[in-house]
Amino acid sequence: AQRVTQPEKLLSVFKGAPVELKCNYSYSGSPELFWYVQYSRQRLQLLLRHISRESIKGFTADLNKGETSFHLKKPFAQEEDSAMYYCALRVGTYKYIFGTGTRLKVLA
Amino acid sequence: DSGVTQTPKHLITATGQRVTLRCSPRSGDLSVYWYQQSLDQGLQFLIQYYNGEERAKGNILERFSAQQFPDLHSELNLSSLELGDSALYFCASSVDPRAAQETQYFGPGTRLLVL
């Protein structure tokens, strides 16, 4: 079955602390994974995709096929990182499966 | 602003009724996706259109239907509404899903409340 699991509904960290948002997937094909973010009062938007291997706003995510994971990491959290984060798996060309999301709260 | 527009923003209706949600993609985007987000649920993929043709279907109920028109706007029709259909319905658009770096741009959503 194709599935994306984000085990934490809420993650609270202090400003300056490291952040790791967990994402695990289940997919028999070659996975294409994404992280989307929704800041307060803004639209859902793409944060990063694994094939680009990029760092956006200090966030990185590495695809680990052995552990079927795509965790999102940032070494030093900032208050403006507080948002809802969704992990997504692209299945085939036209379909996406999203996780249930993790709300990140960065405390001052 | 991503340019994707959705109308209406809010919709309150009764069980058994039928509603139509509208989505206008960004200028130049040929693909439209529809998602449903219920309370405590992630985004559930419903259906996807590319240049007027349905290309993928998710867990879309038979009471729901959609289409993409020649001007590329899309409508999601929900009929025989039930309480459980209350949710936030998102539309997203992209230029071409077959592109290597395809990016979906999301609309603000339509909040549907079925009473």
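A brief look at the structure comes next. Keep in mind it's a predicted model, so treat the numbers as computed, not measured.

Take the interface of chain A and chain B next. Taken residue by residue, the interface counts 20 residues in chain A and 29 residues in chain B. Of the roughly 1,900 Å² buried between chain A and chain B, counting both surfaces, carbon and sulfur atoms make up 49%. Across the contact surface, chain A and chain B share one salt bridge. Residues E102 of chain B and R90 of chain A are paired through a salt bridge, measuring 3.6 Å at the closest nitrogen-oxygen approach. If you look at where chain A meets chain B, you find eight residue pairs in polar contact (both at pLDDT 80 or more). Listed by contribution, the elements that provide at least two residues to the side of chain A that touches chain B are strand 5 (32-38), strand 6 (45-49), strand 9 (83-91) and strand 10 (95-98) of chain A. Here the residues of the side of chain A that touches chain B are counted per class, giving nine nonpolar, five polar and six charged.

Glancing now at the sheet that holds strand 3 (residues 19-21) of chain A. Remark on secondary structure: sheet strands pair via backbone hydrogen bonds, oriented parallel or antiparallel. Residue and element names in this part refer to chain A. The strand order across the open sheet built from three strands is 3-8-7, with neighbouring strands paired in antiparallel fashion. Each of the sheet's edge strands pairs with one partner strand only, and the pair in question is strand 3 and strand 7 (60-61). In this sheet, strand 8 (residues 72-74) lies alongside strand 3 in antiparallel orientation, the contact comprising three bridges. Across the sheet, the residue bridging to E20 is K73, located in strand 8.

All names here are of chain B. Nonpolar side chains collect at one region of the surface, where I12, L113 and L115 lie side by side and expose about 320 Å² of accessible area between them. Along the chain, L113 falls in strand 11 (residues 110-114). Judged by relative accessible area, which is 38%, L113 ranks as partly exposed.

Moving on, we get to the packing of aromatic side chains. Each aromatic ring pair is specified by the distance between its two centres and by the angle formed by the two planes. Counted by the stated rule, this structure contains 13 aromatic pairs over all chains. Ring centres of F34 of chain A and Y36 of chain A lie 6.4 Å apart, and the angle between their planes is 40 degrees; on these two criteria the pair is classed as tilted. With 5.5 Å between their ring centres and 55 degrees between their planes, F34 of chain A and Y96 of chain A make a pair best called tilted. Taken as a pair, F34 of chain A in strand 5 and Y96 of chain A in strand 10 lie far apart in primary sequence, 62 residues in all. In this structure F34 of chain A comes out as buried when scored by relative accessible area, which is 1%. Relative accessible area serves as the criterion here: at 0%, Y96 of chain A is assigned to the buried category. An aromatic cluster of three or more residues is present, and its members are F34, Y36, Y96 and F98 of chain A together with Y33, Y35, F45, F90 and F106 of chain B. Directly above the aromatic system of Y105 of chain B lies the positively charged group of R26 of chain B, at a separation of 3.7 Å from the ring centroid.

So, how was this worked out
- Residues numbered from 1 in each chain as written.
- Chains lettered and ligands numbered in written order.
- Predicted model: local features only at pLDDT ≥ 70, side-chain atom pairs only at ≥ 80, totals over all residues.
- Heavy atoms only, no water.
- Contact = heavy atoms within 4.5 Å.
- Buried area = accessible area lost by both parts, 1.4 Å probe.
- Salt bridge = Lys/Arg side-chain N within 4 Å of Asp/Glu carboxyl O.
- Polar contact = N/O pair within 3.5 Å; in protein donor to acceptor, adjacent residues only side chain to side chain.
- Helix = DSSP H or I, 4+ residues; strand = E, 2+ residues; numbered from the N terminus.
- Nonpolar A, V, L, I, M, F, W, Y, C, P; charged D, E, K, R; others polar.
- Pairing = 2+ DSSP bridges.
- Patch = residues over 30% accessible without salt bridge, like charges linked within 9 Å, V, L, I, M, F, W, Y side chains within 5 Å.
- Areas by Shrake-Rupley, 256 points an atom, 1.4 Å probe, with all protein chains shown as cover.
- Buried < 20%, exposed > 50% of the residue type's maximum accessible area, 1.4 Å probe, protein only.
- Phe/Tyr/Trp six-rings, centres within 6.5 Å; stacked < 30°, edge-to-face > 60°.
- Lys NZ or Arg CZ within 6 Å of the ring centre and 35° of its normal.

Remember that the coordinates give geometry; whether it matters functionally is a separate question.
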